Amino acid sequence: MRRFADTPIWLRLTGAVWFMLVIAWGGMIYWETQATRNIAIEQAEDFSHAVNEMTMAGLTGMMITGTVAQRDVFLDQIKELSAVRGLKVLRGAAVSKVYGPGNADDSGPSDDIERAALDSGKPYFALETTPGLGEHLRVVIPALASENYLGKNCISCHQ
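Per chain, residues are indexed from 1 in the order of the written sequence. Under the rules for a predicted model, residues below a pLDDT of 70 receive no local features and side-chain atom pairs below 80 are neither given nor counted, while totals for whole chains, interfaces and linings still include all residues. The basis for every side-chain value is the complete set of heavy atoms in the structure, and neither hydrogens nor water enter the calculation.

Asker: Can you tell me about the overall build of the protein, naming the residues and giving the values?
Answerer: From N to C terminus, the protein includes four helices and two strands. Order of helices (α) and strands (β) in the protein, N terminus to C terminus: α-α-α-α-β-β. Only C-alpha atoms enter the radius of gyration; for comparison, a globular chain is expected to reach 2.2 Å times N to the power 0.38, where N is the number of residues. Expected size for 159 residues packed as a compact globule is a radius of gyration near 15 Å; at 26 Å, the protein overshoots this value by more than 25%. C-alpha extents for the protein along the principal axes are approximately 90 × 35 × 30 Å. We call a residue buried when its accessible area falls under 20% of the maximum for its residue type, exposed when it is over 50%, and partly exposed in between, using a 1.4 Å probe and counting protein chains only. When burial is assessed residue by residue, the protein has 18% of its 159 residues classed as buried. What makes two residues a contact is simply this: any of their non-hydrogen atoms within 4.5 Å. When contacts within the protein are restricted to residue pairs at least 6 apart in sequence, long-range pairs at least 24 apart make up 42% of them. About 11,700 Å² of surface is accessible on the protein, with carbon and sulfur atoms providing 61% of the total. His is not counted, nor are the chain ends; Lys and Arg add positive charge and Asp and Glu add negative charge. Charged side chains are reduced to one point each, which is NZ for Lys, CZ for Arg, CG for Asp and CD for Glu. Each charge class in the protein was averaged separately, 14 positive and 18 negative side chains, and the resulting centres sit 6 Å apart. Counting from the N terminus, the helices are the DSSP runs of H or I reaching at least four residues and the strands are the DSSP runs of E reaching at least two. The Shrake-Rupley method, run with a 1.4 Å probe sphere, supplies the accessible areas, and residue values consider only the shown protein chains as cover.

Asker: I'd like a description of the pairing of strand β1 (residues 124-130), backed by residues and values.
Answerer: Between any two strands, at least two bridges found by DSSP are needed for them to pair. In this structure, β1 lies alongside strand β2 (residues 134-140), joined through seven bridges in antiparallel fashion. Along β2, the bridge assignment pairs alanine 126 with arginine 138. Hairpin connection of β1 to β2: three residues between the antiparallel strands.

Asker: Describe the packing of helix α1 (residues 9-65) against helix α2 (residues 71-79), listing the residues and the values that go with them.
Answerer: Fitted lines through C-alpha atoms serve as axes, helices being fitted only where they are in contact, and the angles separating the N-to-C directions of these axes extend from 0 to 180 degrees. In contact at an axis separation of 10 Å, α1 and α2 are set at 160 degrees when each is read in the N-to-C sense. In terms of orientation, α1 and α2 fall into the roughly antiparallel class. Handedness of the α1/α2 crossing: right-handed. Where α1 approaches α2, its residues Val51, Met54, Thr55, Gly58, Leu59 and Met62 are matched on the opposing element by Arg71, Phe74, Leu75 and Ile78. Oblique is the label for any angle not under 35 degrees, not over 145, and not in the 65 to 115 range, which are roughly parallel, roughly antiparallel and roughly perpendicular in turn. Helix crossings are classified by the rotation of the near helix relative to the far one: an anticlockwise turn of less than a right angle makes the crossing left-handed, while a clockwise turn makes it right-handed.

Asker: Before we move on, can you summarise the pattern of salt bridges with the specific residues and values?
Answerer: One speaks of a salt bridge when a side-chain nitrogen belonging to Lys or Arg is within 4 Å of a carboxyl oxygen belonging to Asp or Glu. Under the counting rule described, the total for this entry stands at seven salt bridges. Among the ionic pairs, arginine 115 bridges to aspartate 112, the shortest N-O distance being 2.8 Å. With a gap of three residues between them, arginine 115 and aspartate 112 both fall in helix α4 (residues 112-120), about one helical turn apart. On the accessibility criterion, aspartate 112 (61% relative accessible area) is exposed. Measuring nitrogen to oxygen at the nearest pair gives 3.8 Å for the salt bridge that ties glutamate 128 to arginine 138. Here glutamate 128, found in strand β1, pairs with arginine 138, found in strand β2; they are 10 residues apart in sequence, far enough to count as distant. Taken as a pair, glutamate 128 and arginine 138 share a single burial class, namely buried.

Asker: Lay out α1 in plain terms, naming residues and giving numbers.
Answerer: For an α-helix the count is 3.6 residues per turn, leaving residues at separations of three or four pointing the same way. One less than the residue count of a helix, multiplied by 1.5 Å, gives the span that helix is expected to have. Along its 57 residues, α1 runs 83 Å from first to last C-alpha, staying within 8% of the 84 Å computed at 1.5 Å per residue. Every buried residue of α1 is accounted for by Ser48, Val51, Asn52, Thr55, Met56, Gly58, Leu59, Thr60 and Met62. Those residues of α1 hidden inside the fold are in contact with α2, β1 and β2.

Asker: Quick rundown of the side chain of serine 48? Include the residues and the values.
Answerer: Within the element layout of this structure, serine 48 appears in helix α1. Setting aside chain neighbours within four positions, we find serine 48 in contact with Phe125, Val139 and Ile141.

Asker: Before we move on, can you summarise the nonpolar core with the specific residues and values?
Answerer: The nonpolar side chains of a soluble globular protein tend to be buried with one another. Nonpolar cores are built from buried Ala, Val, Leu, Ile, Met, Phe, Trp, Tyr and Cys residues. Side-chain atoms within 4.5 Å join them into one set. Counting residues in hydrophobic clusters, the biggest one holds five residues: Val51, Leu75, Ile78, Val84 and Leu87. Beyond its immediate chain neighbours, meaning those up to four positions away, leucine 75 contacts Thr55, Leu87 and Val89.

Asker: Can you tell me about α4, naming the residues and giving the values?
Answerer: We define a polar contact as two N or O atoms separated by no more than 3.5 Å, with the added condition that, inside protein, one atom must be a possible hydrogen donor and the other a possible acceptor, whereas residues neighbouring each other in sequence contribute only through side-chain atom pairs. Regarding α4, its N-cap is aspartate 111, as a side-chain oxygen of that residue lies 3.2 Å from the backbone nitrogen of isoleucine 113 further along. In the segment just after α4, glycine 121 is the residue with positive phi, at about 75 degrees.

Asker: Residues and numbers for the environment of serine 156, please.
Answerer: Checked against the element boundaries, serine 156 lands in the segment after β2. With 66 residues separating them in the primary sequence, serine 156 and leucine 90 have C-alpha atoms 20 Å apart.

By themselves, these observations are geometric and do not establish any function.
This is how it looks when you write it as structure tokens:
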């Protein structure tokens, strides 16, 4: 049986180089995978903000033109987008107080996350895994009445 010390130096050096290459390549693949994943999550968050703003802009336009009672038609179109897995527009307590509870589709928050986002006014972003959807980004973005939201003064109607 041959001992390691008896192995030719060129073979030991070649093995050492290959070992280092495997470690370096493995580390680079892992790092690139994580970087790509983080970029995809950031892009999904940016997309969710864009969908939220487009939805709110559409609803604001419907409020101004007096067609907000037909918002379900508008919201159904957004729900049909291939990149949107679900969309809910919930009435906060302040809106319900001024405008009433809304229709049956405005059932309110369905869980503690939605309730907390409405109560705190802070958005919620998290990766979640569910049997039907797999791993996905869940986003809850509350709309706050402000003096300049998408170019409109929300305070004039929503106190």
